[in-house]
Amino acid sequence: MDCVVNCSAYAKGRKAASLDIDDLPSAMLEQDTFVWIGLQEPDGDMLKRIQKVFGLHDLAIEDALRAHQRPKLEAYGDVLFIVLRTAQMNGHVIDLGETHFFLGNNFLVTIRHGSSLSYVDVRARCESTPHLLQKGPAFALYSVMDFIVDQYFPVIDALEEELGSLEEKIFEETSKRETTQQIYLLKRQLLEVKRSVSPLLDICNKLMRFDLRLIDDETRPYFRDVYDHAVRINEMVDNARELLSTALEANLSLISISQNDVSKRFAGWAAIIGVPTMIAGIYGMNFDAMPELKWAFGYPVVLATIIGTCGLMFYFFRRSGWL
Amino acid sequence: MDCVVNCSAYAKGRKAASLDIDDLPSAMLEQDTFVWIGLQEPDGDMLKRIQKVFGLHDLAIEDALRAHQRPKLEAYGDVLFIVLRTAQMNGHVIDLGETHFFLGNNFLVTIRHGSSLSYVDVRARCESTPHLLQKGPAFALYSVMDFIVDQYFPVIDALEEELGSLEEKIFEETSKRETTQQIYLLKRQLLEVKRSVSPLLDICNKLMRFDLRLIDDETRPYFRDVYDHAVRINEMVDNARELLSTALEANLSLISISQNDVSKRFAGWAAIIGVPTMIAGIYGMNFDAMPELKWAFGYPVVLATIIGTCGLMFYFFRRSGWL
Amino acid sequence: MDCVVNCSAYAKGRKAASLDIDDLPSAMLEQDTFVWIGLQEPDGDMLKRIQKVFGLHDLAIEDALRAHQRPKLEAYGDVLFIVLRTAQMNGHVIDLGETHFFLGNNFLVTIRHGSSLSYVDVRARCESTPHLLQKGPAFALYSVMDFIVDQYFPVIDALEEELGSLEEKIFEETSKRETTQQIYLLKRQLLEVKRSVSPLLDICNKLMRFDLRLIDDETRPYFRDVYDHAVRINEMVDNARELLSTALEANLSLISISQNDVSKRFAGWAAIIGVPTMIAGIYGMNFDAMPELKWAFGYPVVLATIIGTCGLMFYFFRRSGWL
Amino acid sequence: MDCVVNCSAYAKGRKAASLDIDDLPSAMLEQDTFVWIGLQEPDGDMLKRIQKVFGLHDLAIEDALRAHQRPKLEAYGDVLFIVLRTAQMNGHVIDLGETHFFLGNNFLVTIRHGSSLSYVDVRARCESTPHLLQKGPAFALYSVMDFIVDQYFPVIDALEEELGSLEEKIFEETSKRETTQQIYLLKRQLLEVKRSVSPLLDICNKLMRFDLRLIDDETRPYFRDVYDHAVRINEMVDNARELLSTALEANLSLISISQNDVSKRFAGWAAIIGVPTMIAGIYGMNFDAMPELKWAFGYPVVLATIIGTCGLMFYFFRRSGWL
Amino acid sequence: MDCVVNCSAYAKGRKAASLDIDDLPSAMLEQDTFVWIGLQEPDGDMLKRIQKVFGLHDLAIEDALRAHQRPKLEAYGDVLFIVLRTAQMNGHVIDLGETHFFLGNNFLVTIRHGSSLSYVDVRARCESTPHLLQKGPAFALYSVMDFIVDQYFPVIDALEEELGSLEEKIFEETSKRETTQQIYLLKRQLLEVKRSVSPLLDICNKLMRFDLRLIDDETRPYFRDVYDHAVRINEMVDNARELLSTALEANLSLISISQNDVSKRFAGWAAIIGVPTMIAGIYGMNFDAMPELKWAFGYPVVLATIIGTCGLMFYFFRRSGWL
C-alpha cells in the first residue's frame, strides 16, 4: 500500500491519530474530527476503497484515476472534486504534475500525479497552527492550494528571465536563427503555464463566492488569497506573452534592418571595386589610336585617378552610413 | 427500411423488446419504458412517420432531413432537438459527419448523417450497465454524446502531431514553400474543428443548468463530464491556433534571416571574385609605360597578392559569419 | 401610387381581400383579420398616410424614408420597427438593399429600398400554407425575414469560392500584385456582409426572448430558425476572415521565399559568370613574363579549367537548391 | 458677461421670456416652466453663480470648468451631468471640442468648450416644434445631442474618403514612404474619433434604460435614436480601422513584391551585361596560341554569339516575367 | 519609531490631537472621532501593534508587510484593505511604489512602500476643508487615492511625448536599430503602467457601488471622480499601445521601402558601371581582325558611346526614381 503517503485524523486542529485505510469507516463516525489522506498515484483498487468509505461519485473517481484532466472544480452532492496542475522548474524544463482533491464535510483526500513536491511540509506547517487548522478540512485544502500556487512564482521568474535574455539577444547586432526559435519555445511554455493557471481563477472564485456549505465564512478570505496569487501569475504570463509578440515583431524589423545594412555595405564595396575595373577595362582596349597610352604619365595618372575616386567613394559612403 | 439501424424498448435499464417502427405507437403507451431508435440518413418518409409518432416540430424535422446544420440545442415544447458534428481522422483528412437527436420523456432518436462510426458499441455498453441506463433516455443521450466527443481526441492528437512536424520544418535550415502552405492548411483544419466543437460548450451548459425537466439531477453530472471534455478539446485547438500564428511569424523571421545569409554569402564571394578581377584589369591596361609589367617577378608577385588578398578576405568574412 | 406593391387583408390564414390604401381604416376594424402591405421606395406622402392609419412613431417614419439605416429592431409602444439589410450577388459585386418592417397587432408593412428581390413569391408561399399564416402578421414577418436571410447563403458561397481561388493563386509559384489586392477587396466585402448580418443575431434574439406580446409562443421557434441561419452566416464570415488574414500572412512569407529564391539563383549565376571573367582577366594581364601564355596548351587548359569550374559550381548550386 | 449665449424660459414648449442670470432664482419658481441656458467657456465666477441657482455638485462644476474630460454621464442626486465631445472637419484636420450639460427637472445648462458650432440653430428648430419641446428640458438635451452626433457623419465621410485614396495609393505601382505615414496618421485620427464616440453608447444606454425620473417614457425613443446614430458611427470607425490594418499588411506585401521585381529585373540585366563581359574577357586573354584570334571571322562570330546570347536571355527573362 | 510619519485624531473635520501609537486604544473610544495614521515601510512589530489596535486580519497584515502586491480591494469584515500602485517619472524611468490602506469605521491607515511622494500635502489640504473631511475616514481615503491617481497623468504625458518623438524617428529617412528597440521599451513601460492602473477601475467600482457601510452616499461621487480619472489614464495607455503596434508595423514597411530604395539605387549604378565595362571588354579582345581598332576615330567614338549610354541610363533611372 505504497500509494498512501499519510492518513491522519485531526480533532480541534491537532493530529488525533494516524490511521490505516481500514480504520477509516469507524474514524469517520467521531464528531468534530476530520480525516486528511494523502495518496500518490493510487491504483484503481485503492481509489475504489476510498470511494466506498466517502461515497464519492463514479465520474470523479474515473477522472482521479486517469489524470491528464484540466484544472476544475466540480460539486457532487456534498463533496467537492478539485483538479489542479502543479509546475516546477527542472533546469530549463517545466515539470508539470497534477493534484486532485476530494473535500467533504469531515475529510480531505489529496491525490498526487506526476512530478510534484511532497505535501509533507504543508501538513507539518498546518499542524503547527492548530488555531487555523481547526477551521476544518477546507483550511487544509487551502494550505495545499496555496503551496501549489506559490510553486508557480519561481516558474514565472524563470520564464521572465528567459524573456530578458531573449530581449538582449534580439537587440544585439546579429540576428540568429536560434533567437527566433527560442522566442517560439518560450511562447509555447507560456501558453502551457497559462493553461494550468487560468482555470484557477474560476476555481477560487467558486470557492470564495458560491453558496458552498463546505467552506465557512472564516475560511473564504484564505481562498481569496489564493485567487489573488493566481491573478498575479496570470497577469505576469499575459504580460510576458504580449511582450513576446512585440519582441517577435521587433525581431523581424531588426532582421530587415540588418538586411538593409548588408545591402548597403555590399553596394558600397561593389562600387569601390567596380569603378577601377571599369576604368582599367577602358585602358585595356586595343585601339591603335589611344593617345593616353603613349603618354609617359598615363599609367600613374590613371592609377591616381582610380585611387582618388575610390577614396572619395569610400568617404562618401562612410559619411552616409552605407559602409 | 434500411435507414433504421436499431429500434428497441428499454425497461428498468434492460432491453425489453426489439420493435418495428409500426409498433411504436403502442409501445409508447407502456409505463417506465423508453424507446431508443437509431436511424442513418433517413428519407423524408421515414422522418414523417417518426414525427407523427413522437409529435415532433416541423422545423426540427426539416433540419434533420437537410443536415449541414451547425451544432445546436433547441427545445420544442417537451422535446429537445440536438445537432452535433462528428469527426474522425481518415489518413490526413478529417471526415466530418453529423448526428441529430430527438430527446423526449420516453424516447431518444439518433439520426446519423455523413461519415461517422456506428453507435452499436455505445448501445451495447449502455445495455451492460442497466443501473445507469435506467436513468432514462437522457443517459442514452449522454452515452452517445460522450462517444462523439471522445472521437475528437485522436483528431486533435493528429493535428498537434502535424503542428509538431511543422515546427521542425520551420526551424530547419531551408524554408520551403510547402511549409507555409501546410501551416495555412493546418489553420484551416483547426478552424473547422473549432467550429464543430465550440458550440458544444453552450449545448452542454444548457443540458447541465437549464430548467429542463427531461434531464434529472442525477444525470446532469454526466453532461458536465461531456462539457469538461469539450472544454479540453476547445482549449487544445485554441492553443494550437495561437502557436500556429506565432509559428507563421517565426517562419517569416527565419525566411528573412535566410535571405540575410544568402546576401552575406553572396557579398562575400562577390568580393573574393571581384578584387582579383579588378587587379587583373589594372595590369591588363595597355599603357606603354607600366614598369611592373617589365619586372620579371611582376606576375608572380601580383598573383601572390591576389591570392593573399582573397585569403585574407575569406578569413575575415568567415570570422564575421558572412561566409 | 406605384410604390404600393401589394395590399391585402388576411383572415384565418387566407387572403380575404385586396385593399386600396384608402380602405385601410375601415379594414382595420374587422376582427381576426390582419393587413399585409408591401411598399417599394415610398415617398414621404405615402409614408405619412401609412403612419396615420397605423399610428406609427415620427422617428421610425423618418428612418423608413431616409433608408441607409443599420439593421435594428425598435419597439414603439405596440409597434415593432425592424430594419434588415438584403444582399445578392450581381456577378462579382454584392448588391445591397434594405427592407423595413412595421409589425403591429393586426398589420405588417414591408418597405423595400435599393436592389432586392421581390417578396411576391414569399407572399404566395405564405398563402399556400393557411394553417401557418393564420398565426398572424408575425408569421408573415418571419417568412420575409427567412427569405432575406436565405439570400445570404449564395453570397457567402461566392465569397468562399473567391477565397478558394485566392488560396490557389497565393500558393502557386509567382506572387502577383493583383493577388494581394484581391485579398484586400475580399476582406472589404466580408466586412460589409458581416456588418449586414451580425445585428441580425440581436434582432432575432429579441424576437425570440423578449416579452413581446406581438409574437406568440408558437411563432417564436420560427424566429429561432432565422437566428440559427444568421449564426451560420456569421460564422462562415468570421471563418473566412480569419483564414483571409492567415492567407495574407502566408502570402507575405511566400513572397519572401520567392525573394530568397531569386537571390539564390542570381548569386549562383553571378558566380558562374564571375569566375570565368576573373580567370580570363588574369590571363589578360600584360606582364612580359607569364610562362603560361607561351605554353602551347595554355589556352585549352585554361578553357577546360573554366568550363570545369563552372560545371562544378553548377552541380554544387543545383544540389543545394540555389539554382 | 459674454459667456452667456442665451438664457430663456420655456412654458408649454414656447419661449416665455429671455432672462438674465440674476432673474433665474425667481424664474425657477414658476410651474410648468423650464429654463435653457447656453454658456460658452464660462469662467469660475459664472459657474459658481449657476451652481448656486441650481444646486449643482462641486465635482461636476470643477469638471465643467477644467474641460478635457472624457464623454460621460454622472447623476448627482436629481441632476444629470453629461459631457460630450464634438468634432468637425477643418480642412484635413479634425477640430475637437467639448460640450457639457446640466439637466435638472426644470432646467438645462449647456456649456461649450473649444471649437464647436453654435447651438443657436438647434434652439430655433426646437422653438419651431412646440409640441415636442413641451416634453421638457430632456427634449432640449436630445436636440443638442442629436446635433452633436450628426456632426460626426461628415467627419467619418472625410476619413473614409481618405481611406479610399490611400487604397488607391497602396495598390498603384510604386510604394511611397508617404503612403505608410498617411496610413499611420489616419489610424491615429480614427482612434481619436473612436475615443470621442464610443462612450456615447454607454451614455445613451443610460438615458434610454435607467430608472431616471428626469427622462419620461415619451422622450426615451429620442435618445434611442441618438444611440442608433452613435452605433453607426462607431461601426464605421471600427470598419475603417480593420480595413486599415489589412491595408497596412497588404502594403507590406506589395512592397516586398516590388522588391522582388527589382531583384528580378536587376538579375536579368546583370546576366545580359555579364555574359558579354565574360566572353570578351576570354578573348582578351593573351595566350600566344589562340586559333580563334587569327581566324578572319573570329570577331564577327563572337560578336554575333554575344548578341545572340543576350537576345535569347532577354527573350527568356521577358517570358518568365523577370524583365 | 521612524516608520510613523503622522498619527492624528480628527473630530468634526478638524485635527483634534497628535497621537502616539500607544495612545490609540484610548483615542479609539471617543465618539465622532477618527484616527488617520501614516506609516512608511513599517516593520513587522509595528504592523502587529497596528493589527492589535484595529483588529486587522492576518492575511492583510502579511500582504502589507511583504508589499509587491497587485492593486486590489479586499473586505475583511468591517475593514477594507486596499492596495494601490504609485508611479512617478524619474528622468526617463518610471519609479513605481505601493501604498496600502486600512479603512475602518473610525480609522484610516496608509502604508507607503517604495518610491512615492509624501502624503503630507494631501493631509494639509484635507485639514483645510473641514466641511469635507468631516465626512470621515472615507474622505481621507479619497483624498490620497485622488492624489495617487493624479500622479499618473505626468507619467502618461511623458510616455505620449516619447511616442511622438518615436513617430518622428520612424518616419524620417533612415531606419535605425535604436528606434525599434525604443518602440519595444516603450511598449514595456506602457504595459507596466497598464498593470498598475487597470485594477483601479475595479477598485473604484466597488467603492462606488457595493453595499459598503463604510462609504456613505455623500462620499461615493468622490470615488466616481477617481474612477473617471482612472478610466482616462487607462484609455490613454490603450490608445498609445494601439498606436505603438501600428507604428511597429509601419516601421517594418518603411524599412522594406528603404531596402527597395537601396536595391534600386544599387541596380542603377551597377548598370552604369557594368555597361562601359562590357563595351571596354569587347574592344579589349585580341582578334587580329577588328576593323574598329584600326580606325582613327575608334577610340573617341567608343568613349563617346560609353559616356552617352551612361548618361542616358542615368537620365532614365533618375526619371523613374531608381536613382
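For the structure, see preceding data.
Now for a quick tour of the structure.

About the criteria used
Residues numbered from 1 in each chain as written. Chains lettered and ligands numbered in written order. Predicted model: local features only at pLDDT ≥ 70, side-chain atom pairs only at ≥ 80, totals over all residues. Heavy atoms only, no water. Helix = DSSP H or I, 4+ residues; strand = E, 2+ residues; numbered from the N terminus. Contact = heavy atoms within 4.5 Å. Buried area = accessible area lost by both parts, 1.4 Å probe. Salt bridge = Lys/Arg side-chain N within 4 Å of Asp/Glu carboxyl O. Polar contact = N/O pair within 3.5 Å; in protein donor to acceptor, adjacent residues only side chain to side chain. Nonpolar A, V, L, I, M, F, W, Y, C, P; charged D, E, K, R; others polar. Core = buried A, V, L, I, M, F, W, Y, C linked by side-chain atoms within 4.5 Å. Buried < 20%, exposed > 50% of the residue type's maximum accessible area, 1.4 Å probe, protein only.

Moving on, we get to the side chain of Lys194(A). Structurally, Lys194(A) is set in helix 8 (residues 177-209). Ignoring anything within four residues of it in the chain, the contact list for Lys194(A) reads Pro199(A), Asn234(A), Val237(A), Asp238(A) and Arg241(A).

The next thing to look at is the environment of Ala296(A). Looking at the element boundaries, Ala296(A) is found in the loop between helix 10 (291-294) and helix 11 (298-319). Between the C-alpha atoms of Ala296(A) and Val4(A), which are 292 residues apart in sequence, the distance is 104 Å.

Once that is clear, we can look at the interface of chain A and chain B. Opposite the 51 residues of chain A that make contact, chain B presents 55 residues. Surface buried jointly by chain A and chain B totals about 4800 Å² across both partners, of which 60% is contributed by carbon and sulfur atoms. The largest share of the area that chain A buries against chain B comes from Arg177(A), Tyr184(A) and Tyr299(A), three residues that together contribute 19% of it. At the surface where chain A touches chain B, the tally comes to six salt bridges. Where chain A meets chain B, there are 19 residue pairs in polar contact (both at pLDDT 80 or more). Only helix 3 (58-66), strand 4 (72-76), helix 8, helix 9 (220-282), helix 10 and helix 11 of chain A provide two or more residues apiece to the side of chain A that touches chain B. Top element by residues in the side of chain A that touches chain B is helix 9 of chain A. It accounts for 16 residues. The residue makeup of the side of chain A that touches chain B, split by class, is 22 nonpolar, 14 polar and 15 charged.

Another aspect to go through is the nonpolar core. Ranked by size, the top nonpolar core spans 120 residues in total, and within it Tyr283(A), Tyr283(B), Tyr283(C), Tyr283(D) and Tyr283(E) carry the most contacts. Here Tyr283(D) is in contact with Tyr299(C), Met290(D), Glu292(D), Leu293(D), Val302(D), Met285(E), Asn286(E) and Phe287(E), once residues within four sequence places are set aside.

With that settled, consider the pattern of salt bridges. Tallied over the entire structure, the rule returns 80 salt bridges over all chains. Note that Asp202(B) is salt-bridged to Lys206(B), the shortest N-O span being 3.6 Å. Of this pair, Asp202(B) and Lys206(B) are both found in helix 8 (residues 177-209), four residues apart, which corresponds to roughly one turn of the helix. Between Asp63(E) and Lys72(E) there is a salt bridge; the shortest N-O distance is 2.7 Å. As far as the burial class goes, Asp63(E) and Lys72(E) line up, both buried. Here the residues in one salt-bridge network are Glu62(A), Asp63(A), Arg66(A), Lys72(A), Glu74(A), Arg224(B) and Asp228(B), joined through shared partners.

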